[in-house]
Amino acid sequence: MRIDTKCVHSGSARDTISRGLNTPIFPSSAYEYLDTESTVYPRYFNTVNQRVLVEKICELEGAEDGVVFSSGMAAISSVLLSFLKAGDHAVLQDEIYGGSHAFVTAFFHRFGIEYSFAATSAEAIEAAIRPETRLLFIETPTNPLLNVLDIRAVTAMARRKGCLTVIDNTFATPILQNPIALGIDIVVHSGTKYLGGHSDLSCGAVATSSELALKIRNTAVNFGGNLNALTCYLLERSLKTLAIRVRQQSANAFKVAQFLEGEGGFGKVNYPGLSGHPGHEMARSQMSGFGAMLSFELDHPDLSVDAFMKGLKLIIPAVSLGGIESTICDPARTSHAKVSAEVRARQGISGNLLRLSVGIEDADDLIEDLAQAAEGKGK
Ligand SMILES: *Cc1c(COP(=O)(O)O)cnc(C)c1O
């Protein structure tokens, strides 16, 4: 099966009672146990709704097994604490998602785990590796500048050094980037974003080998963070349209990025699909599309970021991303509010940088909205 077909047909359990087409929702939290091999329980990650969902995600990621969680952070924290113990060291990219960054800096010292942050390059990550480095954690394209990291270079180096590799594949989705095929050991997702895709559910996912998935589940039963049956079903339903959503959103983002680049009132545009973007060639070599996230600077003498966002009639100022509706935010005040002004300046996240999550609307409507808001005549 090709990926669009997998989105529709993989990982579903047919309804044998009424012969309906969709996986039934099994809400039980108590299951009979006599004459069974293993006890079913939601926090053991082995209910039917959890299992079929894992099967679908694994088909898309090219993984053997996985785990679905109640949030992206439940997935990320469970993975990190499955493989790191006191005395170990981890290298993480400094541009990873703010919540992942905060988890590492707030909690690793309590467990005696050492860590280093490294810039978005395989060389910088390699330079941060120590003899006791056990795990590398990366994310590409990055938020909000859409920098692109060479995944193959990282995984080849990690194999030489004997480190486990984890990637946050939230921005790219399995439709555009298949990290396991590029040598990554463990893929994590905030399914709250593109996998869910309708800004109405919270979940996380891990896709990996059978051996590593077992270790992650054995850790995760202690932390909880399992996904409930109703949300499992909603996510399964969402994944059926993942490929068409992501492709439409990416096509729209490309048009919007081209418009912004050529239009007065906007400064630097960060989108890997633009030939002038520093990660363009790398994105071409490891992704099958450039994604639907972009950022740009507002460069307007008498229009503040707030006034611009308030002037938008269609694009909604909102945090989070990946929904079918276009949303916009200023990272300096939202996703990167906790990052010091100095680090933000070093990374290139200015106060007039705006991050756009492009939806499935007609791209021309989005472009017209941005154009009219830039004229500053909005509400
Ligand atoms: C949102 C996000 C997360 C965290 O996911 P939650 O579902 O909010 O816990 C992790 N990584 C990336 C890239 C994200 O955008």
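In this text, all values refer to a predicted model and were calculated from it rather than measured experimentally. (Residues numbered from 1 in each chain as written. Predicted model: local features only at pLDDT ≥ 70, side-chain atom pairs only at ≥ 80, totals over all residues. Heavy atoms only, no water.)

A.B. asks: Which parts of the structure should I look at to understand the domain arrangement of the protein chain?
C.D. replies: Note on interface size: it is often stated as the accessible area lost on association of the parts. As far as domains go, the protein chain holds domain 1 (3-239) and domain 2 (242-374). The C-alpha centroid of domain 2 is placed 26 Å from the C-alpha centroid of domain 1. Listed as interface residues are 36 residues of domain 1 and, on the opposing side, 40 residues of domain 2. With both chains or domains summed, domain 1 and domain 2 bury close to 3000 Å², and 59% of this area falls on carbon and sulfur atoms. On the domain 1 side of the contact with domain 2, L145, L176 and Y194 bury the most area, a combined 25% of that side's loss. (Domains from an automatic or database assignment. Contact = heavy atoms within 4.5 Å. Buried area = accessible area lost by both parts, 1.4 Å probe.)

A.B. asks: Is there a simple way to think about helix α14 (residues 363-374) in this case?
C.D. replies: In this model, α14 (12 residues) spans 17 Å end to end at C-alpha, consistent with the 16 Å of a helix rising 1.5 Å per residue. Buried within α14 we find A363, L366, I367, D369, L370, A371, Q372, A373 and A374. The secondary structure elements touched by the buried residues of α14 are α10 (242-262), β8 (266-270), β9 (293-298), α12 (305-311) and β12 (353-357). At the N-terminal end of α14, a side-chain oxygen is found 2.9 Å from the backbone nitrogen of D364, two or three residues along, and the residue is D362. Where α14 ends, the next residue or the one after it, G376, has phi of about 70°, a positive value. (Helix = DSSP H or I, 4+ residues; strand = E, 2+ residues; numbered from the N terminus. Expected span 1.5 Å × (residues − 1). Buried < 20%, exposed > 50% of the residue type's maximum accessible area, 1.4 Å probe, protein only. Polar contact = N/O pair within 3.5 Å; in protein donor to acceptor, adjacent residues only side chain to side chain.)

A.B. asks: It is not clear to me how the side chain of E61 should be interpreted in this structure. Could you clarify?
C.D. replies: Relative to the helices and strands, E61 resides in helix α2 (residues 48-61). Within the structure, the side chain of E61 is placed 3.1 Å from the side chain of N169, a separation counted as a polar contact. A distance of 2.6 Å separates the side chain of E61 from the side chain of H189, its partner in a polar contact. With residues near it in sequence (within four places) discarded, E61 still touches N169, P174, Q177, N178, P179, I180, V187, H189 and A207.

A.B. asks: Sorry, what's going on with helix α9 (residues 229-239) here?
C.D. replies: At 3.6 residues per turn, the α-helix brings residues three or four places apart onto the same side. Here α9 lies mainly inside the structure; 8 of its 11 residues are buried. Buried residues in α9 make contact with α1 (3-9), α2, β1 (65-69) and α10.

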